[in-house]
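# Residue-level structure breakdown
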Amino acid sequence: MTVLAHRTEVHAHKTRVLGLGLASALLSWSWWVNTSSFEDASWTARGISLAFFLCLSIFYSAAVLQSRSILRWAGAVAACLLVLIGLVLDAFLNSKTSDVAIGFAISLLSVNFWGHLLRARVNQALLRFNRQPDQSAQLVTHLGSLLSRHPELQDDPDFLATTRMLQIKDTEDLSTLFKCLLDNRVTLTGVTVDRSHIKRIPVHSVLNAAQVCRKIIAFTHIEDAQLTVKVSLGGLLLDLNASNKAMITQQALKPLYKLEADSFQTQVNDQHICISWGCRF
């Protein structure tokens, strides 16, 4: 059971239930097959009794490993009562009730004891897993350093494909990554994340959103733009704001709608230009 708890996945619940149930059933079988009651029974009764002990062990293992304290205590008390009743009946009625009662007790008590140890091992594994340091900050540092040395990778489809499995979770890491990806004519003014729904943010979506931003800057030639980023359940929502010194018209921005963004919207007047786009996760 210790090896099973350490070597299997933390959430491999079915494997642990079957392992614990089978181990307890084997222990109860070792008692039951050596009793006189088993020897006197027919082959059909023997098979049914062995199957019953196996099912009892597995179903009780499932209850114990789900931390149902009432069932654990009830099983332990029932095991002790069965043995006591069996010994009393044997003494006064000259029966063989204790053979079955002790088999039940072995099954229930072994599941209780081993199940407690197994749950403790699993809880330790979960605590160790939760205490592991988050690697997103190191990921952002290394990724930013790589892109600063090789900016051409930001437009490389193969590089973008390799980032599909990478994720970050901190708002600060998200801001750092955006600053590494943005044009020097763009200032990141704010990043907000809906923490009630979002736990991890795909790096691939961040790279795509930044790539769209660079293409917008290259097309419009705007200066001193401010970018705000909002992360919601649907993905990234970005707003790029700048002064319309070049007198850009709404008609001139129509080619931007061909960019690889899931949503696009522009607002233009004589003094101000606002371009919004979204990238799904």
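So, here is what we can say about the structure in this document. (Residues numbered from 1 in each chain as written. Predicted model: local features only at pLDDT ≥ 70, side-chain atom pairs only at ≥ 80, totals over all residues. Heavy atoms only, no water.)

### Considering the overall build of the protein
Counting its regular elements, the protein contains 10 helices and seven strands. When the accessible area of the protein is evaluated, it comes to approximately 16300 Å², of which 60% is carbon and sulfur surface. (Helix = DSSP H or I, 4+ residues; strand = E, 2+ residues; numbered from the N terminus. Areas by Shrake-Rupley, 256 points an atom, 1.4 Å probe, with all protein chains shown as cover.)

### Topic: helix H4 (residues 43-65)
Its 23 residues give H4 an end-to-end C-alpha distance of 33 Å, which sits within 8% of 33 Å, the value for a rise of 1.5 Å per residue. Within H4, the full set of buried residues consists of Arg 46, Ser 49, Phe 53, Ser 57, Tyr 60, Ser 61, Ala 63, Val 64 and Leu 65. (Expected span 1.5 Å × (residues − 1). Buried < 20%, exposed > 50% of the residue type's maximum accessible area, 1.4 Å probe, protein only.)

### Brief notes about the nonpolar core
In terms of nonpolar packing, the biggest core is built from 44 residues, with Leu 174, Phe 178, Ile 216, Leu 227, Val 229, Leu 240 and Trp 277 touching the most fellow members. The set of elements that each furnish at least two residues to this core consists of helix H7 (136-149), helix H8 (157-162), helix H9 (171-181), strand S2 (186-193), helix H10 (203-220), strand S4 (225-231), strand S5 (235-243) and strand S7 (272-280). Considering each element in turn, this core owes the most residues, nine residues, to H10. The contacts of Ile 216, once residues within four sequence positions are left out, are His 221, Leu 240, Leu 256, Leu 259, Phe 264, Ile 275 and Trp 277. Listed in part, the 10 residues of the second largest apolar core include Val 17, Leu 20, Leu 65 and Leu 108. (Core = buried A, V, L, I, M, F, W, Y, C linked by side-chain atoms within 4.5 Å. Contact = heavy atoms within 4.5 Å.)

### A short note on the pairing of S7
Across the nine residues of S7, seven count as buried, placing the element largely inside the fold. Here nine bridges tie S5 to S7, and the two strands are oriented antiparallel to one another. Residue pairing in the sheet places Leu 240 in a bridge with Ile 275 of S7. In terms of strand pairing, strand S6 (residues 263-268) meets S7 through six bridges, oriented antiparallel. When the bridges of S7 are listed, Ser 263 appears paired with Gly 278. The hairpin turn running from S6 into S7, its antiparallel successor, is three residues long. (Pairing = 2+ DSSP bridges.)

### Thoughts on the side chain of Gln 211
With respect to the helices and strands, the residue Gln 211 is situated in helix H10. Discounting chain neighbours no more than four positions away, the residues touching Gln 211 are Gln 154, Asp 155 and Leu 160.

### Structural notes on the sheet that holds S2
Strand order in the open sheet formed by five strands is S2-S4-S5-S7-S6, and the pairing between neighbours is mixed. Every interior strand has two partners, whereas the edge strands, S2 and S6, have only one. The mean angle between the axes of side-by-side strands here comes to 15°, regardless of whether they run parallel or antiparallel. With seven bridges connecting them, S2 and S4 associate as parallel partners. Across the sheet, Thr 192 pairs through a bridge with Lys 230, a residue of S4. (Axes fitted to C-alpha atoms, helices over the stretch in contact; angles between N-to-C directions.)

### Examining unusual backbone geometry
Phi at His 221 takes a positive value of approximately 60°, unusual for a residue other than glycine. For His 221, the position within the fold is in the loop between H10 and S4. Backbone geometry at Met 247 places phi at a positive 55°, although glycine is not the residue there.

### Some words on a nonpolar patch on the surface
Taken together, the side chains of Val 77, Leu 81, Leu 84, Ile 85, Val 88, Phe 92 and Leu 93 present a nonpolar region at the surface, about 730 Å² in accessible area. Tracing the backbone through its elements, the reader meets Leu 93 in helix H5 (residues 69-93). (Patch = residues over 30% accessible without salt bridge, like charges linked within 9 Å, V, L, I, M, F, W, Y side chains within 5 Å. Salt bridge = Lys/Arg side-chain N within 4 Å of Asp/Glu carboxyl O.)

### Some remarks on the packing of aromatic side chains
Taken as a whole and judged by the stated rule, the model has seven aromatic pairs. Ring pairing ties together the aromatic residues Trp 32, Phe 38, Phe 52, Phe 53 and Phe 104, which thus form one cluster. Cation over ring: Arg 46 sits above Phe 38, and NZ or CZ is 5.0 Å from the ring centre. Its guanidinium or amino end placed over the ring of Trp 43, Arg 46 lies 4.7 Å from that ring's centre, counting from NZ or CZ. (Phe/Tyr/Trp six-rings, centres within 6.5 Å; stacked < 30°, edge-to-face > 60°. Lys NZ or Arg CZ within 6 Å of the ring centre and 35° of its normal.)

### Remarks on the packing of H9 against H10
Look at H9 against H10: their axes get within 10 Å of each other, and the N-to-C directions meet at 40°. You can see that H9 and H10 cross each other, and the crossing is right-handed. From H9, Leu 174, Leu 177, Phe 178 and Leu 181 reach across to H10, where they touch Val 203, Val 206, Leu 207, Ala 209, Ala 210 and Arg 214. Looking at the contact of H9 with H10 residue by residue, the class counts come to nine nonpolar, no polar and one charged. (Left-handed = near helix turned anticlockwise from the far one by under 90°. Nonpolar A, V, L, I, M, F, W, Y, C, P; charged D, E, K, R; others polar.)

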